[in-house]
Amino acid sequence: MMDQASGLRELVAKNSTTNSKFITIASGKGGVGKTNFAVNFAYTMANSFGKKILLIDADIGMANVHLFLDADPSKNIKNLFSGEPIESIIHHTYGFDTLLGFSGIEDIFEMEDVSIQTIVNELEKISSRYDYVIIDTGAGIDQKVAAFLRASHKAYIITTPEPTALMDAYALIKSIYNIYGYNSFKIVVNMCKNKEEGELTFNKLKVSAKKFLGIDLELMGILLYTNNLRHAVKNKELICMRYPKDPYTQNIAAICKKELQLQEDRSENFWRRLFDMVGKSGS
Ligand SMILES: Nc1ncnc2c1ncn2[C@@H]1O[C@H](COP(=O)(O)OP(=O)(O)OP(=O)(O)O)[C@@H](O)[C@H]1O
Ligand SMILES: [Mg+2]
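Residues numbered from 1 in each chain as written. Chains lettered and ligands numbered in written order. Predicted model: local features only at pLDDT ≥ 70, side-chain atom pairs only at ≥ 80, totals over all residues. Heavy atoms only, no water.

### Structural notes on the sheet that holds strand β6 (residues 154–159)
Strands sit in the order β3-β4-β2-β5-β1-β6-β7-β8 across an open sheet of eight strands; the sheet is mixed. Of all the strands in the sheet, the pair left with one neighbour each is β3 (90–93) and β8 (218–224). This sheet shows a mean twist of 25° between the axes of neighbouring strands, independent of strand direction. Looking at chain direction, strand β1 (residues 22–26) and strand β5 (residues 132–137) are connected through four bridges and run parallel. Bridging from a neighbouring strand, T24 pairs with I135 of β5. Relative to strand β7 (residues 185–192), helix α8 (residues 195–213) is tilted by about 140°, and along the sheet it contacts β6, β7 and β8. (Pairing = 2+ DSSP bridges. Helix = DSSP H or I, 4+ residues; strand = E, 2+ residues; numbered from the N terminus. Axes fitted to C-alpha atoms, helices over the stretch in contact; angles between N-to-C directions. Contact = heavy atoms within 4.5 Å.)

Laid out in structure tokens, this is it:
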């Protein structure tokens, strides 16, 4: 029985390090605040919660995370294709690690599935060093976004209360669910006037997803519209660093807490189920 338990323990350890820490940030509509969310979420997880974070700018062809981090964009994902080791292109800024993307439409056409596979393979090598790997993607879904979603286990969908953003968020969820059978979506409603507007927006999405797809959505958090974020962006700063008292900053911290709590519950449940199994088979 001890052998069986230690085997299962190993399995859980493997499962929790390889699966549950990849978070892909996606949206239906563009410009809803994914990149700002991703960078500030990474910053807060690292600096307020002491987590080891790797942020990946996977908005292939339109990368812009480097603007927030004041990092040299010439060291980026593309270098992997010429055989550079992943360690040499990782940036270390503001307490977390970042793998930058690249810009330029001509480069997108050079990228094939093989290239995406190269990225995923390289990531597998280093991901065990991190508590979370946060992946910022471009709007909508294409093969590249899908590849990152497939490699991760959590999809955070960002929307705003705008009807078009909400419609596109639903369409994205529907596509991902229909194509990949994904059914664990975490929703963040951004640019809300107040908490009530965020809740109303989430409920509309939740009701449609339940009624037409039969899936339960989970609200991760509500982020308010704030001019401080615009100021921070203009000055190439992170709002969470520059304006620690802004409600946006506090809401990001609340989302981090919720994520960490979910992670804990998940592994606790997993353990409990496994020990139940061991108990039953040993008796
Ligand atoms: N909570 C907010 N309050 C005020 N403005 C915001 C907020 N969130 C985002 N914005 C504004 O929206 C702009 C776009 O945000 P961001 O670049 O994060 O969106 P995105 O979803 O990553 O866009 P894309 O689809 O182009 O990648 C920001 O530059 C900022 O001006
Ligand atoms: Mg973006």
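Still to come is the rest of the account.
### Re the site of ligand 1
Among the 18 residues in the neighbourhood of ligand 1, the closest are listed as G31, K34, T35, N36 and N190. Within the side chain of N190, one N or O atom sits 2.9 Å away from a nitrogen atom of ligand 1. In the environment of ligand 1, a nitrogen atom lies 3.0 Å from a nitrogen or oxygen atom belonging to the backbone of L224. Protein chains bury 83% of the 630 Å² of accessible surface belonging to ligand 1 in isolation. (Near = heavy atom within 4 Å. Polar contact = N/O pair within 3.5 Å; in protein donor to acceptor, adjacent residues only side chain to side chain. Areas by Shrake-Rupley, 256 points an atom, 1.4 Å probe, with all protein chains shown as cover.)

### Some points on the packing of aromatic side chains
For the structure shown, the criterion picks out three aromatic pairs. Ring centres 5.0 Å apart and planes at 20° place the aromatic pair F37 and F41 in the stacked group. One end of the pair, F37, and the other, F41, are both in helix α2 (residues 34–47), four residues apart, so they sit about a helical turn from each other. As far as the burial class goes, F37 and F41 line up, both buried. Their ring planes at 45° and their centres at 5.6 Å tell us that F41 and Y156 sit as a pair that is tilted. Within this pair, whereas F41 is found in helix α2, its partner Y156 is found in strand β6, the two being separated by 115 residues in sequence. Of the two residues, F41 and Y156, both sit in the buried class. Through a chain of ring-to-ring contacts, the aromatic side chains of F37, F41 and Y156 assemble into a single cluster. (Phe/Tyr/Trp six-rings, centres within 6.5 Å; stacked < 30°, edge-to-face > 60°. Buried < 20%, exposed > 50% of the residue type's maximum accessible area, 1.4 Å probe, protein only.)

### Topic: the pairing of strand β4 (residues 96–99)
Both faces of β4 are covered, namely the face carrying F96 and T98 and the face carrying D97 and L99. Of the pairings in the sheet, the one linking strand β2 (residues 53–58) to β4 comprises three bridges and is parallel in character. Looking across to β4, one finds that I56 is bridged to L99. One ladder, built from four bridges, connects β3 with β4; its direction is antiparallel. Bridge assignment links I90 to a residue of β4, and that residue is L99.

### A word on unusual backbone geometry
The phi dihedral of Y94 is positive, around 50°, even though this residue is not glycine. For Y94, a relative accessible area of 30% gives the class partly exposed. Of note in the backbone geometry, M191 takes a positive phi value of approximately 60° without being a glycine. Classification of M191 by relative accessible area gives partly exposed; the value is 29%.

### Some words on the layout of surface pockets
Taken as a whole, the largest pocket spans an internal volume of roughly 480 Å³. What lines the largest pocket is a set of 24 residues, among which G31, V32, G33, N36 and M191 lie closest to the centre. Elements supplying a minimum of two residues to the lining of the largest pocket: α2, β5, β7 and α9 (227–234). Its residues assigned to classes, the lining of the largest pocket shows ten nonpolar, ten polar and four charged. (1 Å grid on protein atoms, 1.4 Å probe; cavity = no way out; pocket = protein on both sides within 12 Å on 5 of 7 lines; lining within 4 Å. Points joined across faces, edges and corners; volume = space filled by probe spheres on them. Nonpolar A, V, L, I, M, F, W, Y, C, P; charged D, E, K, R; others polar.)

### Overview of the nonpolar core
Counting residues in hydrophobic clusters, the biggest one holds 38 residues, and the most contacted among them are F37, F41, F96, I134 and Y156. By residue number, the principal contributor to this core is α2, which donates eight residues. Discounting chain neighbours no more than four positions away, the residues touching F96 are V39, A42, Y43, A46, I53, L55, L69 and H91. One finds A169, Y182, C192 and A209 within the second-largest nonpolar core, a separate group that totals 23 residues. (Core = buried A, V, L, I, M, F, W, Y, C linked by side-chain atoms within 4.5 Å.)

### Section: the confidence of the model for the protein
In this model, the protein carries an average pLDDT of 83, and 79% of its residues clear a pLDDT of 70 or more. Mean pLDDT across the elements of the protein bottoms out in helix α1 (residues 2–18) (47) and peaks in β8 (98). (pLDDT = per-residue confidence, 0-100.)

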